[in-house]
Amino acid sequence: MKHRDLVHSTSATLARWVVASLGLLLCCRLSAQPAVQFLEKQKVWLLTAAHSQYALTTNREGELVHLWWGPRLPAADFESGALAPVANRTGWGENPQYLEFPGWGEWRYLEPALKASFADGVRDLRLRVAAHQIDGERLTLTLKDAHYPFVVELRYRALPQFDLVERSAVLKNTGGQPIKLEQALSAVWHLPHLQSWTMTYLAGKWGAETQLRQVNLDQGKFQIESRHGATSHQFNPWFAVSEAGRAGEDHGEVWFGALGWSGSWKIAAEVNAAGRLQVAGGIHDFDFAWQLKPGESFETPVFVGGFSAEGFGGASRQLHAYQLAEVLPKPQAAQPRPIIYNSWYATTFNISVNQQIELAKKAKDLGVELFVIDDGWFGKRDNDRAGLGDWTPSKTKFPQGLKPLIEAVHGLGMQFGVWVEPEMVNPDSDLYRAHPDWVFHFPNRPRTEQRHQLMLNFARPDVAAHISGVLDALLTENAIDFIKWDMNRHITEPGWMEAPPAQQQEMWVRHARAVYDILDRLRAKHPRVLWESCSGGGGRADLGILRRTDQVWTSDNTDPLDRLLIQDGYTYAYAPKTQVAWVTDNPDGINRRDTPLRFRFHCAMMGTLGVGGNLLKWSSEEEAQTKWFLAEYKQIRPLVQEGRLYRLRSPGRFVVPGAGSGFGVPPLGGSGNDGFWAYSYVSPDRSSAVLFAFLRSSELGNDLPAIRLRGLKPEARYRVEARQPDKANPPLGTQTLSGTALMERGLALRLRGDYASALVRVQEEPMR
Ligand code: GLA
């Protein structure tokens, strides 16, 4: 199928949903107060969303003070002026007020948003509100230093339909001397004063990204961060906080945020002596320094924050809807993601044109829509020791270049994609031999290699321009529809010795910005291309890269059992549509586990589906099942990629630092640690849904608890049907039930054995 057909095949469903959702949206908007208001008399700036509010004011000194973030309050509370900013009553040694964007100085000992030093050596900021501007859903507050020519523009964007607020800051040097920035975060979020705090976050490692964790906060600071010069596998820039024990998957108040930055970052949650929590985040200040020259500005990345009164599930759905509408690049954001075949696990570096064409034919026959050739197609890339940096097709593997393969793939009616790793170079490459000075390095220090590779310094404009040109040529000379941009190591020896000493530490930010610039430029010039972000799996997944890439390779770990944990965590922050999962061969490469094909497919179908096994070795039974699953996926794709996700029973395997392995710790859903997991995706108009259920192992002949669905219309009647490629042991008969019955009584599935799973379609019946 051509991409155009693919778009059309789902466009009718999408159009219906859009109309339904727009209707809903319009009702809310007509009755709502303006998204941004300035209450002149009270000097209050008020951002109002469907269910939440965010408010700021000034104090007597003209400083910008935080007033409120949480559920909507009656207008009278703001208008009467009775709602005063909360005072900091730590008693001694801390500024008595919570500044919205605290610059370090005076007696502000909590984590500041900003730290700067002026040319005369003064390292103290006194920012006062000088002006404001409201433009629809955008509010800009201009703060000026009381003495020095330093201006801070705080930018807010209310997103009332998602109950979110985007924040960023622009720092300007309006004088004649340089100003040194030592910390420039995007936002400090102040939370209401609750009894006690729990922070939920995503941690992990290579092959085990985005594992959900929780920690109870106490006086002091809890920080998640990356010093890698990339987003990292270890922590992801997303947080959620809630009152301890009072929020779960579908209940309770949750405040949350996600930072859009793919370089080094930090999110610091700090509880002060008065029990107040602030969460500060942005570009990491570790080894950060930026020389702001006269007339120059520095813009921080966007940090989006939100409030949900419907628990973590509500928070995730707000973020997912926001990403589909506002973050992901257009027009691809609204288009269905094609089913991928990626040949990496099948053929690794041992590739040839004919063998890839054979794989492509098989893939097409199964129903694949996009064929991707991964690592190994370029330079002298016969293993991972050579070739990175030389982005021309291997003379031995592709003597006529990529064209014969591209033509074959297109001829079969599939899209064609390639893998690149543009920031990297092997010492054994023509590029490195010609430009050994192009990599990050320090003199008198070894150049640390990881996977035999070094990292190009994109802070150097000549290096970034070279790579940008190479990628542009690759796209111009070849009919490439898809690029997977990988990053298989992070920064060490961060030297940029050619720069003046005062600017050398700018490399962290300049490198990340150059990656963005290259992607922006290539997207503008080659607007049809679809991009995937990868960094040894999920090491670069964040809202910054998702403004420029359409999807993420979430992990190199394709064991479906592990993948359920990884995907579960990922969906707390990111939309399922952005998450690519392939079905690979048994046993998987990490745990050496054998799992049924059905289990692998059900797991991978919960995001953007791919296949990554060696199709040349698949049995006819495997092929037949795969055809069935791919056809089924095409039907449920709009639900999975655009629908609302309900984590009905999460694996929820928290690891609380200091509390052992975490097995047995109750998950957010309050269930699921019995090895029985379920997720549903519901269309925005609530007329259809798909349910996935997974059972790790039957035990003691126990019946499974009923799965209570969510998000349906209580009064509607739904046809419920378990779908599978064969007729043996159906997990459920076909039934018609009310939304209320499905949500209150639930569905009892008959799953038995090890790695059992089911896919159930739920469709509203027309009213008689
Ligand atoms: C990384 C990616 C894999 C694959 C290899 C190729 O590990 O995550 O998917 O592309 O690189 O070398």
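Residues numbered from 1 in each chain as written. Predicted model: local features only at pLDDT ≥ 70, side-chain atom pairs only at ≥ 80, totals over all residues. Heavy atoms only, no water.

In terms of nonpolar packing, the biggest core is built from 188 residues, with Phe150 and Trp377 touching the most fellow members. With 10 residues, helix 9 (residues 507-525) is the largest single contributor of residues to this core. If sequence neighbours within four positions are ignored, Trp377 has contacts with Ile351, Trp391, Thr392, Pro393, Ser394, Phe398, Leu402, Val418, Trp419, Val420 and Leu474. Residues Leu648, Ala678, Leu712 and Leu732 belong to the second largest nonpolar core, which totals 28 residues. (Core = buried A, V, L, I, M, F, W, Y, C linked by side-chain atoms within 4.5 Å. Buried < 20%, exposed > 50% of the residue type's maximum accessible area, 1.4 Å probe, protein only. Helix = DSSP H or I, 4+ residues; strand = E, 2+ residues; numbered from the N terminus. Contact = heavy atoms within 4.5 Å.)

Another aspect to go through is the packing of helix 5 (residues 353-366) against helix 6 (residues 403-411). Across the interface, helix 5 lies against helix 6 with an axial gap of 10 Å and an inter-helix angle of 15 degrees. Comparing the axis directions of helix 5 and helix 6 gives the class roughly parallel. Read as a crossing pair, helix 5 and helix 6 show a hand that is right-handed. For the pair formed by helix 5 and helix 6, the contact residues are Val353, Gln356, Ile357 and Ala360 on the first element and Pro404, Leu405, Ala408 and Val409 on the second. For the contact of helix 5 with helix 6, the class distribution of residues is 7 nonpolar, 1 polar and no charged. (Axes fitted to C-alpha atoms, helices over the stretch in contact; angles between N-to-C directions. Parallel < 35°, antiparallel > 145°, perpendicular 65-115°, else oblique. Left-handed = near helix turned anticlockwise from the far one by under 90°. Nonpolar A, V, L, I, M, F, W, Y, C, P; charged D, E, K, R; others polar.)

The full set close to the ligand counts 13 residues, and Asp374, Asp375, Arg451, Lys484 and Asp556 are the nearest of them. Here Asp375 contributes a side-chain N or O atom positioned 2.6 Å from an oxygen atom of the ligand. For the ligand, an oxygen atom lies 2.5 Å from a polar atom in the side chain of Asp556. In isolation the ligand offers 310 Å² of accessible surface; the protein chains occlude 95% of this area. (Near = heavy atom within 4 Å. Polar contact = N/O pair within 3.5 Å; in protein donor to acceptor, adjacent residues only side chain to side chain. Areas by Shrake-Rupley, 256 points an atom, 1.4 Å probe, with all protein chains shown as cover.)

Relative to the assigned elements, Tyr432 resides in helix 7 (residues 430-434). With sequence-adjacent residues up to four places away left out, Tyr432 is seen in contact with Val425, Asn426, Pro427, Val439, Arg447 and Leu454.

Bringing the pairing of strand 9 (residues 164-173) into the picture now. For strand 9, the tally of buried residues reaches 9 of 10 residues, placing the bulk of the element in the interior. Pairing analysis gives 10 bridges linking strand 8 (residues 150-159) to strand 9, with the strands arranged antiparallel. Bridge pairing in strand 9 places Tyr156 opposite Arg167. Two successive antiparallel strands, strand 8 and strand 9, enclose a turn made up of 4 residues, where Asp163 displays a positive phi of approximately 55 degrees. Note: strand 9 against strand 20 (residues 303-308), 4 bridges, orientation antiparallel. When the bridges of strand 20 are listed, Arg167 appears paired with Phe303. (Pairing = 2+ DSSP bridges.)

Relative to the helices and strands, Thr578 resides in the loop between helix 10 (560-573) and strand 29 (579-583). Beyond its immediate stretch of four places on either side in the chain, Thr578 contacts Leu328, Leu546, Asp550, Gln551, Val552 and Tyr570.

With that settled, the discussion passes to the side chain of Glu493. Secondary-structure assignment places Glu493 in the loop between strand 26 (482-485) and helix 9. Summary of buried charges: Glu493 has no salt-bridge partner, and the nearest side chain of opposite charge, Arg489, is 5.1 Å away. Of note is the side chain of Glu493, whose polar atom sits 2.8 Å from the side chain of Thr492. For Glu493, the contacting residues outside a window of four places in its chain are Phe440, His441, Phe442, Pro446, Arg447 and Thr448. (Lys, Arg positive; Asp, Glu negative; His and termini not counted. Salt bridge = Lys/Arg side-chain N within 4 Å of Asp/Glu carboxyl O.)

Turning next to the packing of helix 10 against helix 11 (residues 597-604). Relative orientation of the contacting elements helix 10 and helix 11 amounts to 15 degrees, with a least axis distance of 10 Å. In this view, helix 10 runs roughly parallel relative to helix 11, as classed from their interaxial angle. The handedness of the crossing between helix 10 and helix 11 comes out as left-handed. Taking contact as the criterion, the partners of Pro560, Leu561, Arg563, Leu564 and Gln567 in helix 10 are, on helix 11, Phe599, Arg600 and Cys603. Here the residues of the contact of helix 10 with helix 11 are counted per class, giving 5 nonpolar, 1 polar and 2 charged.

Most of strand 12 (residues 208-217) is tucked away, with 8 of its 10 residues classed as buried. When strand 11 (residues 197-205) meets strand 12, the two strands line up antiparallel, connected through 8 bridges. Paired with Trp197 across the two strands is Leu217, which belongs to strand 12. Hairpin connection between strand 11 and strand 12: a loop of 2 residues separates the two successive antiparallel strands, and Gly207 in this loop has a positive phi of roughly 80 degrees.

Relative to the 20 Å expected for 14 residues at 1.5 Å per residue, helix 5 spans 20 Å between its end C-alpha atoms, a close match to the ideal helical length. Within helix 5, burial applies to Val353, Gln355, Gln356, Ile357, Leu359, Ala360, Ala363 and Leu366. As for helix 5, its buried residues are in contact with strand 21 (340-342), helix 4 (344-347), strand 22 (370-373), helix 6 and helix 12 (620-642). (Expected span 1.5 Å × (residues − 1).)

Note: most peptide bonds trans; most residues except glycine with negative phi. Note that the residue after Lys330, namely Pro331, is joined by a cis bond; omega there is 5 degrees. Here Pro331 lies in the loop between helix 3 (311-327) and strand 21. With an omega of -20 degrees, the peptide bond running from Asn586 to Pro587 counts as cis. Mapping Pro587 onto the fold places it in the loop between strand 29 and helix 11. A positive phi angle is found at Lys43, which is not glycine, with a value near 55 degrees. Among the secondary structure elements, Lys43 is positioned in the loop between strand 1 (36-39) and strand 2 (44-48). Exposure remark for Lys43: the relative accessible area of 40% places this residue in the partly exposed category.

Attention now goes to the confidence of the model for the chain. Confidence along the chain averages 93 in pLDDT terms, with 93% of residues attaining 70 or more. Of the regions scoring below 50 in pLDDT, residues 22-31 engages in 2 contacts with residues more than four places distant in sequence or in other chains. When the criterion is pLDDT under 50, residues 655-670 qualifies, and its contacts beyond four places in sequence or with other chains add up to 35 contacts. (pLDDT = per-residue confidence, 0-100.)

Moving on to the packing of aromatic side chains. One pass over the full model with this rule turns up 35 aromatic pairs. Between the aromatic rings of Trp189 and Phe303, the centroid separation amounts to 5.6 Å while the plane-to-plane angle is 90 degrees, which identifies the pairing as edge-to-face. Of this pair, Trp189 sits in strand 10 (residues 179-190) while Phe303 sits in strand 20, and the two are 114 residues apart along the sequence. Side by side, Trp189 and Phe303 carry an identical accessibility label, which is buried. Seen in terms of ring centroids, Phe599 and Phe694 are 5.4 Å apart; in terms of plane orientation they differ by 85 degrees. Their pairing is edge-to-face. Taken as a pair, Phe599 in helix 11 and Phe694 in strand 33 (residues 688-697) lie far apart in primary sequence, 95 residues in all. Residue Phe599 is classed as buried on the basis of its relative accessible area, which comes to 0%. Owing to a relative accessible area of 0%, Phe694 belongs among the buried residues under this scheme. One aromatic cluster in this structure is built from Tyr54, Trp69, Tyr156, Trp189, Phe239 and Phe303. Residue placement shows Arg276 over the ring face of Tyr98; its charged tip is 4.7 Å from the ring centre. Stacked on the ring of Tyr516, the Lys or Arg Arg548 has its end atom at 3.9 Å from the ring centre. (Phe/Tyr/Trp six-rings, centres within 6.5 Å; stacked < 30°, edge-to-face > 60°. Lys NZ or Arg CZ within 6 Å of the ring centre and 35° of its normal.)

Enumeration over the complete set of coordinates arrives at 52 salt bridges. A salt bridge links Arg246 to Glu243; its shortest N-O distance comes to 3.7 Å. The exposed category is assigned to Arg246, whose relative accessible area is 54%. Residue classification places Glu243 among the buried residues on the basis of a relative accessible area of 14%. Arg752 is the salt-bridge partner of Asp703, the closest N and O atoms lying 3.6 Å from each other. Highlighted residues: Asp703 in the loop between strand 33 and strand 34 (717-723) and Arg752 in the loop between helix 13 (739-744) and strand 36 (754-764), separated in sequence by 49 residues.

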